[in-house]
Every structure is written in structure tokens, then in C-alpha cells.
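Listed below are the residues making up each chain.
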Amino acid sequence: MFAIFLLASLNAGNGVAPTVLLPLLGGVLMGAVFTGTCFLERKRQQKLFGDH
């Protein structure tokens, strides 16, 4: 997250679009990673405990 905000602050002189889109893209990417992690963890728990 620090790297995303650092890149956004370095690109601040190039206009509004890169400044807004870079953290937005980073947030979407982080959301996808967390969603995938939660999905895989839930599948692991279902296999471990037999919860269907």
C-alpha cells in the first residue's frame, strides 16, 4: 500500500487521472487478492470439517 501511494504522489504532477487511477487500481487488486484468499480458506475449512 505504501508503494502505491508513493507512486501516486510521484505522478501527482502529471494530472488528476493518474493520481486517482493508480490507488484505485491498487485497491481493486488488493480486494481481488483478499477475496481469493478468503475463498481458498473457506474451501480449506469445508474440506477439513466436512461442512457443506
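Please refer to the structure higher up on the page.
Here's what I pulled together on the structure shown here.

About the cut-offs
Residues numbered from 1 in each chain as written. Predicted model: local features only at pLDDT ≥ 70, side-chain atom pairs only at ≥ 80, totals over all residues. Heavy atoms only, no water. Helix = DSSP H or I, 4+ residues; strand = E, 2+ residues; numbered from the N terminus. Buried < 20%, exposed > 50% of the residue type's maximum accessible area, 1.4 Å probe, protein only. Areas by Shrake-Rupley, 256 points an atom, 1.4 Å probe, with all protein chains shown as cover. Patch = residues over 30% accessible without salt bridge, like charges linked within 9 Å, V, L, I, M, F, W, Y side chains within 5 Å. Salt bridge = Lys/Arg side-chain N within 4 Å of Asp/Glu carboxyl O.

Before going further, it helps to spend a moment on the overall build of the protein. When its secondary structure is counted, the protein shows 2 helices and 0 strands. Taken across its 52 residues, the protein has 8% of its residues classed as buried. Summed over all atoms, the accessible surface of the protein reaches about 4,400 Å², with 75% contributed by carbon and sulfur.

On the surface, a cluster of nonpolar side chains totalling about 300 Å² of accessible area is made up of L21, L24 and V28. For L21, the position within the fold is in helix α2 (residues 16–49).

With that out of the way, let us pick up the pattern of salt bridges. Evaluated as defined, the whole model comprises 1 salt bridge. Its salt-bridge partner being R44, residue E41 comes within 2.7 Å of it at the nearest N-O pair. Residue E41 and its partner R44 are located together in helix α2, separated by 3 residues, close to a single helical turn. Residue class for R44 comes out partly exposed when judged on its relative accessible area of 43%.

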